[in-house]
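What follows is the residue order along each chain.
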Amino acid sequence: MSGYIMKRLLQLIPVLIGVSIVVFLMVYLIPGNAAEVIAGPTATAEEVANISTKLGLDQPAYVQYFRYMAGVLRGDLGYSFQTGQAVSAAIAARYANTFSLALFSALIAVILGVTVGIISAVKQNSWFDHAVMSISILGISAPTFWIGLLLIIIFCVDFKLLPISGLSDRLWSLDGIKHLILPAATLGFNSAAMIARMTRSSVLEIIHQDYIVTAKAKGLSQFVVIMKHALKNALIPILTVVGIDFGNLLGGAVVVESVFAINGIGRLMVQGIGARDFPMVQGTVLVVAVTFVLINLMVDIIYAYIDPRISYN
Amino acid sequence: MPILIQGSRIIEAMRMTETEKIMVQKEEVHSRKNPLADLWKHLRRNKLAVVGLAVVTAVIFIALFAPVLAPCDPYKQDVTKRLLGPGSPGHILGTDEYGRDMLSRLIYGARLSLLVGFCSVGLGLAFGVVLGLLAGYYPRLDSIIMRIVDIMLAFPGVLLSLAIVSALGPGIGNVIIAVGIWSVPTIARVVRGTVLSIKEMDYVTAAKAIGETDSTILFREILPNCVSSIMVYATMRLATSILSAATLSFLGLGAQPPSAEWGAMASTGRNYIFQAPHLTLLPGFAIIIIVFGFNSLGDGLRDALDPNLKNAM
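Residues numbered from 1 in each chain as written. Chains lettered and ligands numbered in written order. Predicted model: local features only at pLDDT ≥ 70, side-chain atom pairs only at ≥ 80, totals over all residues.

A. Spotlight on the overall build of chain B. On a plain count of helices and strands, chain B comes out with 14 helices and 0 strands. Secondary structure of chain B in N-to-C order comes out as α-α-α-α-α-α-α-α-α-α-α-α-α-α. Split into buried and exposed, the 313 residues of chain B put 44% on the buried side. Taking all contacts inside chain B whose residues are at least 6 apart in sequence as the whole, residues at least 24 apart take part in 68%. (Helix = DSSP H or I, 4+ residues; strand = E, 2+ residues; numbered from the N terminus. Buried ≥ 20, exposed ≤ 12 C-beta atoms within 10 Å, placed from the backbone. Contact = placed C-beta atoms within 7 Å.)

B. The nonpolar core, seen in detail. Formed by 160 residues in total, the largest nonpolar core has its most connected members in A:Ile195, A:Ala289 and B:Leu159. Here this core takes 16 residues from helix H11 (residues 214-250) of chain B, the largest share from any one element. (Core = buried A, V, L, I, M, F, W, Y, C linked by C-beta atoms within 7 Å.)

C. Local environment of the packing of helix H12 (residues 262-269) of chain B against helix H13 (residues 278-305) of chain B. Residue and element names in this part refer to chain B. One can describe the packing of H12 onto H13 by two numbers: an axis separation of 7 Å at closest approach and a directional angle of 160°. If you check the angle between H12 and H13, you find them roughly antiparallel. Handedness of the crossing formed by H12 with H13: left-handed. Note on element contacts: H13 touches H12 through Leu-279, Thr-280, Pro-283, Gly-284, Ala-286 and Ile-287, opposite Trp-262, Met-265, Ala-266 and Gly-269. Partitioned by chemical class, the residues of the contact of H12 with H13 number 7 nonpolar, 3 polar and no charged. (Axes fitted to C-alpha atoms, helices over the stretch in contact; angles between N-to-C directions. Parallel < 35°, antiparallel > 145°, perpendicular 65-115°, else oblique. Left-handed = near helix turned anticlockwise from the far one by under 90°. Nonpolar A, V, L, I, M, F, W, Y, C, P; charged D, E, K, R; others polar.)

D. Highlighting the interface of chain A and chain B. With 41 residues of chain A at the contact, the number on the chain B side is 35 residues. Secondary-structure elements contributing two or more residues to the side of chain A that touches chain B are helix H1 (2-28), helix H6 (127-141), helix H7 (144-158), helix H10 (222-259), helix H11 (265-274) and helix H12 (278-306) of chain A. Here the side of chain A that touches chain B takes 8 residues from H10(A), the largest share from any one element. Counted by class, the side of chain A that touches chain B contains 33 nonpolar, 8 polar and no charged residues.

E. Here's a closer look at unusual backbone geometry. Residue and element names in this part refer to chain A. Even without a glycine there, the phi angle at Ala-261 is positive, about 50°. One can find Ala-261 in the loop between H10 and H11. Taking the C-beta count within 10 Å as the criterion, Ala-261 has 12 such neighbours and is therefore assigned exposed.

F. Layout of the environment of A:Ser80. Residue and element names in this part refer to chain A. With respect to the element layout, Ser-80 can be found in the loop between helix H4 (61-73) and helix H5 (87-122). In this structure Ser-80 comes out as buried when scored by C-beta crowding, with 22 C-beta atoms within 10 Å. Remark: the alpha-carbon pair of Ser-80 and Gly-283, spanning 203 residues in sequence, is separated by 9.7 Å.

G. Inspection of the environment of B:Ile151 at higher detail. Along the chain, B:Ile151 falls in helix H7 (residues 139-152). Separated by 34 residues in sequence, B:Ile151 and B:Pro185 have C-alpha atoms that sit 9.0 Å apart. In this view, B:Ile151 contacts A:Val15, A:Gly18, A:Val19 and A:Val22; residues no more than four positions away in its chain are not counted.

H. Representation of helix H8 (residues 174-207) of chain A in the model. Residue and element names in this part refer to chain A. Across its 34 residues, H8 extends only 40 Å between first and last C-alpha, which sits more than 12% below the 50 Å expected from 1.5 Å per residue. The axis of H8 is deflected most strongly, by about 40°, at Gly-188. With 24 of 34 residues buried, H8 lies mostly within the body of the structure. (Expected span 1.5 Å × (residues − 1). Bend = angle between axes of the 7 residues up to and from the residue.)

I. Up close: the packing of H7(A) against H8(A). Residue and element names in this part refer to chain A. Viewed as axis vectors pointing N to C, H7 and H8 meet at an angle of 140°, and their least axial separation amounts to 9 Å. Taken together, the axis directions place H7 and H8 in an arrangement best described as oblique. As for the relative orientation of H7 and H8, their crossing is right-handed in sense. Residues Thr-144, Ile-147, Gly-148, Leu-151 and Phe-155 of H7 form the contact with H8, whose participating residues are Leu-182, Ala-185, Thr-186, Leu-187, Phe-189 and Asn-190. Here the residues of the contact of H7 with H8 sort into 7 nonpolar, 4 polar and no charged.

J. Inspection of the confidence of the model for chain A at higher detail. For chain A, per-residue confidence averages 84 on the pLDDT scale, and 96% of positions sit at 70 or higher. Averaged over each element, pLDDT in chain A is lowest for helix H2 (residues 34-39) of chain A (74) and highest for H5(A) (91). (pLDDT = per-residue confidence, 0-100.)

As structure tokens, this is what we get:
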């Protein structure tokens, strides 16, 4: 097992280097001259040259890359063009919001998706099953931003039950959860739909197998048969979807934070793109991508622990 | 078992009249000559796929004949008719904040969505197919190309597209490029997987034995046999691309106002979410319908053409 973990860690290195190159190239490959874009259309040639020298854009690409990486490894992601604030400090201040949002969404998606998926499988072809499958198709086809706006219309405009935007300072208090519930439900809706479909098909596949028939024949209750015997084996494909999706929730957070005006990394990124604040965009993209890669690594290692059939080679 | 089947066919054939035999032969020849008829035969058994095909056909029809079908000019403003609700006289789906007819804007929006979808998937296919073919056929290139693919897949959700748009700048053309590049790694993976299974087949070995060049083998022998996988994946990718482009436009990075793009329309509509929720809800419904259409059609094509792809994807 330790050999497998070492191997996965070593595989991580080229991916992380690749991610850093892509993030670096985002600015290097800007059509025309990045310094001109930064200086704006009214800047003089002298101003453009000054910016170019100040940011080291007149250096060869590899020098710029190594300088950028040296900074990244020290935790220095540069300074925002807009506010002058250190990018790493801005991200650190908002990282908890984005991560909590993704975590809470994953929690909602797993609880909702697995429960609904099991009931759908057990009550196959019932009205409940048909309703769940239809709603899950909607969940997969609907844009995240639209789900968010729909929930705002229902819960904030019509019924006035929940706050419309922002997050509370104390995330895990009652007020914090009240603020978090709509954005998390929005972000988790798509994942819940996928997990429900996967759970349903996994459980359906399992409940027709001989050992389940034997368990039923022994006189065990349906609850015990499903929870103790069927779900255990149905869990691996479900975990695969959950693992892949948790990473994707971080990407989706970009959109949800914009809809609900949450001060997270995603909103910082979108605002940075709008203002052509390249250090901010580079920093936020890098942090989200690295988090995504690390989560995938953790999911892979967890699989290897859970399922002895997964090959370590 | 095959001998038994063959035997029963012979007995059945002996029972047939001459006219019936000719009819059967004609049908066989027709189905061999017309793969589309064969595909339709498989596809029509899947109700959801037929609904998907009908939706896609209808949306393409609406997009092509938008000037004829739209009751008004989608850009014509009338401040005396601002924010009319659905069912208003002369404006069946109401009007927006500038008094523009919502139905006409939604009809014209289909054009933009399909344009973005087809162009970005086309771009993704152009690069993804070539990279997938090369990776699958040449083991030496495989590790390099697949590492690049891994790096591109290290950016969750729309993050890679966001990074590209941030470098290129907002606009519908840049969104097409960004979403297209985002499709490249996944398309390359699907094609590579298909090539790996095809290249060991006898007819490829035979082509090598008679001295055909690698490019002939790749493009004349292998590529035609990858078409079904590519077709299935491209259809599903159209749904994802349309969804992603709408999301980018919603974030203000894609189509810019006054463009009748569904994501951008939902984005401006959210400023009037209290007075006129239809400005947000209707473009969302339009996106759901088209994404559902392509997803269902893609699912049906997969089951009809290449059921094994279900596991690969």
